[in-house]
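So you can see what is in the structure, the chains are spelled out below.
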Amino acid sequence: MLAEMRTMLKSLNRIMHGLAAGDTVMVEDAARASGAKAALSPQLGKKLPAHFQDLERRVHQRFDQLADAVKSGTRDDVVKRMAALTGYCVTCHDTYRLDEAK
Ligand code: HEC
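Here is a short report on the structure shown in this document. In this text the structure is predicted, and so the values were computed from the model without any measurement. (Residues numbered from 1 in each chain as written. Predicted model: local features only at pLDDT ≥ 70, side-chain atom pairs only at ≥ 80, totals over all residues. Heavy atoms only, no water.)

### Concerning the packing of helix α1 (residues 2-21) against helix α5 (residues 75-95)
With their axes 12 Å apart at the nearest point, α1 and α5 run at an angle of 160 degrees to one another. In terms of their interaxial angle, α1 and α5 are classed as roughly antiparallel. Both α1 and α5 take part in a crossing whose hand is left-handed. Across the interface between the two elements, Met-5, Leu-12, Ile-15, Met-16, Leu-19 and Ala-20 from α1 touch Arg-75, Val-78, Val-79, Met-82, Leu-85, Thr-86 and His-93 from α5. Looking at side-chain class alone, the contact of α1 with α5 contains ten nonpolar, two polar and one charged residues. (Axes fitted to C-alpha atoms, helices over the stretch in contact; angles between N-to-C directions. Helix = DSSP H or I, 4+ residues; strand = E, 2+ residues; numbered from the N terminus. Parallel < 35°, antiparallel > 145°, perpendicular 65-115°, else oblique. Left-handed = near helix turned anticlockwise from the far one by under 90°. Contact = heavy atoms within 4.5 Å. Nonpolar A, V, L, I, M, F, W, Y, C, P; charged D, E, K, R; others polar.)

### Regarding the pattern of salt bridges
Side chains that carry opposite charge are capable of pairing whenever their charged atoms lie near each other. Inspection of the entire model under this criterion finds six salt bridges. In this structure, the salt-bridge partner of Asp-54 is Arg-58, at a minimum N-O distance of 3.0 Å. Of this pair, Asp-54 and Arg-58 both sit in helix α4 (residues 50-69), four residues apart, which is roughly one turn of the helix. For Arg-58, a relative accessible area of 29% corresponds to the partly exposed category. Between Asp-77 and Arg-81 there is a salt bridge, with the nearest N and O atoms lying 3.3 Å from each other. Of this pair, Asp-77 and Arg-81 are both found in helix α5, four residues apart, which corresponds to roughly one turn of the helix. Put simply, Arg-32, Asp-64 and Asp-68 are held in one network by salt bridges that share partners. (Salt bridge = Lys/Arg side-chain N within 4 Å of Asp/Glu carboxyl O. Buried < 20%, exposed > 50% of the residue type's maximum accessible area, 1.4 Å probe, protein only.)

### Section: the coordination of the iron atom of the ligand
Donor atoms from the polypeptide that bind the iron atom of the ligand are Met-5 (SD) and His-93 (NE2), placed at 2.0 to 2.2 Å. Taken together, the six donor atoms surrounding the iron atom of the ligand define angles of 88 to 179 degrees at the centre, an arrangement classified as octahedral. A residue pair is termed long-range when its members are at least 10 positions apart, and Met-5 in helix α1 and His-93 in helix α5 qualify at 88 residues. By relative accessible area, which is 24% here, Met-5 ends up partly exposed. Under the relative-accessibility criterion, His-93 is labelled partly exposed at 42%. (Donors = N, O, S within 2.8 Å, 3.2 Å for Na, K, Ca; no water. Tetrahedral: all angles 85-135°; square planar, octahedral: opposite > 155°, others 65-115°.)

### Things to note about the side chain of His-60
Of note, His-60 is situated in helix α4. Those residues in contact with His-60, other than ones at most four positions away along the chain, are Glu-4, Met-8, Ser-34, Gly-35, Ala-36, Ala-38 and Ala-39.

### Quick word on the packing of aromatic side chains
Taken as a whole, this structure holds one aromatic pair when the rule is applied. On the basis of an interplanar angle of 80 degrees and a centroid distance of 5.1 Å, the ring pair of Phe-52 and Tyr-96 is categorised as edge-to-face. Separated by 44 residues along the polypeptide, Phe-52 in helix α4 and Tyr-96 in the loop between α5 and α6 (98-101) bring together distant segments of the chain. (Phe/Tyr/Trp six-rings, centres within 6.5 Å; stacked < 30°, edge-to-face > 60°.)

Encoded structure:
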């Protein structure tokens, strides 16, 4: 799970570098790397609380939606999506710790 987290942090960093450089391919690739394919395995997911699983599913959805929107959307649109997406990181981190999720 912590590896999944580090993947998402890396994606955020690459998305912001891509935005700064005006490189839409970089933004799209970085967002896709944390999309549904980066989700926890179903076996591990099942051991976690339902609300946690829901937040986890939705944050990956948001990454995929951001990747889908990069070509058609404006830079402002991507920034707004980033704001919404990082809200999931904050909400989950405010709510859960690993020892509590065991
Ligand atoms: C579904 C819940 C959830 C979501 C959503 C979530 N995290 Fe986490 N994250 C956790 C938990 C739980 C930990 C472990 C915290 C602890 O026990 O100290 C963690 C830890 C981390 C760590 C530390 C990794 C390490 O190696 O120690 C990073 C970095 C991180 N998250 C980044 C992110 C980013 C960036 C996002 C949003 C894009 C995000 N997380 C979204 C639950 C979540």
